[in-house]
Amino acid sequence: INYMNAKEKIKFISNWISDYVKNMPVSAKSLVIGVSGGIDSSVSSTLSALTGLKTIALCMPIKQNKSQHDLSIKHKDWLVKNFNNVEGHVIELDNLFKSFENKLSNFQNEHGFANSRARLRMTTLYQVAAANNGIVVGTGNKVEDFGVGFYTKYGDGGVDISPIADCNKSEIWEIGKELNILQEIIDAPPTDGLWDDGRTDEGQLGMTYKDIELAMDDPKSPNREKYEKIRLSNLHKMEPIPICKIPR
């Protein structure tokens, strides 16, 4: 079997995005994407920019860890510098989040308001998309979207297209290197950026992405049981919404 190399995947995915937009019943005029300073959003936004379509990159800090926010700004600026079809914006959501948190202070759970951060960002992306006749581009990879379900339902999981959702995390890093994504971003520990303490994905999952990929592919992997447990708890995100079917 001849597998695509990173350069071929870049061309294939950017062409797929272009073709999707071209074949929409009413073509979109822009691609809207959130950039977090992580490798997934950096790759997805660059692949979007490569289409030549107007690409709107949004940094949406909410009580953000400084190092994460700095990386998101650096990537946004890198995109704007390298692609004349990209416009970048920083939309501060601190006050909006603070108001949301105050109004719902009686309804905290063990996650606090972490998932609500992701949902406020999703709402922001769709507002910007609506104002620019655009579609929201997802940044989830195969491990997160179809392996362990490591994303927020109707948060970063609320998108119109998912261009890298068939790529493992290891493939994303390879593509990122081929795209000349900033080395700081490639080297940064993956994080969802939803926690004040800056906790990493590995810290939350208790497994590295390499271990998860091996567990996904090999039922005999020593981490398979741990992988299955995480997957089972998040399966509701990955399956269609249950519908009560009325007998006809």
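Above this text you will find the structure in question.
Below: a short report on this structure.

Cut-offs and rules
- Residues numbered from 1 in each chain as written.
- Predicted model: local features only at pLDDT ≥ 70, side-chain atom pairs only at ≥ 80, totals over all residues.
- Heavy atoms only, no water.
- Pairing = 2+ DSSP bridges.
- Helix = DSSP H or I, 4+ residues; strand = E, 2+ residues; numbered from the N terminus.
- Right-handed = clockwise from strand over helix to strand, strands pointing away.
- Buried < 20%, exposed > 50% of the residue type's maximum accessible area, 1.4 Å probe, protein only.
- Bend = angle between axes of the 7 residues up to and from the residue.
- Contact = heavy atoms within 4.5 Å.
- Phe/Tyr/Trp six-rings, centres within 6.5 Å; stacked < 30°, edge-to-face > 60°.
- Lys NZ or Arg CZ within 6 Å of the ring centre and 35° of its normal.

Here's the deal with the pairing of strand E3 (residues 86-90)
Consideration 1: In this sheet, E3 lies alongside strand E2 (residues 54-59) in parallel orientation, the contact comprising 5 bridges. In the sheet register, Ile-56 faces E3, and the bridge partner there is Glu-87.
Consideration 2: As a crossover connection, the stretch from E2 through helix H3 (residues 66-82) into E3 is right-handed.

With respect to unusual backbone geometry
Consideration 1: In this structure, Lys-63 is a non-glycine residue whose phi angle is positive, near 45 degrees.
Consideration 2: Here the phi dihedral of Tyr-154 falls at roughly 60 degrees; this positive angle occurs in a residue that is not glycine.
Consideration 3: Checked against the element boundaries, Tyr-154 lands in the loop between helix H6 (142-148) and helix H7 (169-178).
Consideration 4: Residue classification places Tyr-154 among the partly exposed positions, given a relative accessible area of 47%.

Points about helix H11 (residues 224-238)
Consideration 1: The sharpest bend along H11 reaches about 45 degrees and sits at Leu-232.
Consideration 2: Within the sequence span of H11, burial applies to Arg-224, Tyr-227, Ile-230, Asn-234 and Lys-237.
Consideration 3: Against the buried residues of H11 lie H6, helix H9 (201-205) and helix H10 (209-217).

Considering the side chain of Ser-221
Consideration 1: Here Ser-221 shows up in the loop between H10 and H11.
Consideration 2: In this structure Ser-221 comes out as buried when scored by relative accessible area, which is 10%.
Consideration 3: Excluding its chain neighbours within four sequence positions, the residues that come into contact with Ser-221 are Leu-214 and Ala-215.

Some details on the packing of aromatic side chains
Consideration 1: According to the stated counting rule, one finds 4 aromatic pairs in the structure shown.
Consideration 2: Here the aromatic rings of Phe-100 and Phe-113 are separated by 6.2 Å at their centres, their planes lie at 85 degrees, and the arrangement is edge-to-face. Remark: Phe-113 occurs in the loop between helix H4 (94-103) and helix H5 (114-131) and Phe-100 occurs in helix H4; sequence separation between them is 13 residues.
Consideration 3: What makes Phe-100 partly exposed here is its relative accessible area of 28%.
Consideration 4: A relative accessible area of 8% means that Phe-113 is categorised as buried.
Consideration 5: Grouped by ring-pair contacts, the aromatic residues Phe-97, Phe-100 and Phe-113 constitute a single cluster.
Consideration 6: Over the ring of Tyr-209 we find Lys-169; its NZ or CZ atom is 4.7 Å from the centre of that ring.
Consideration 7: Against the face of Tyr-151 rests Lys-237, its NZ or CZ located 5.3 Å from the ring centre.

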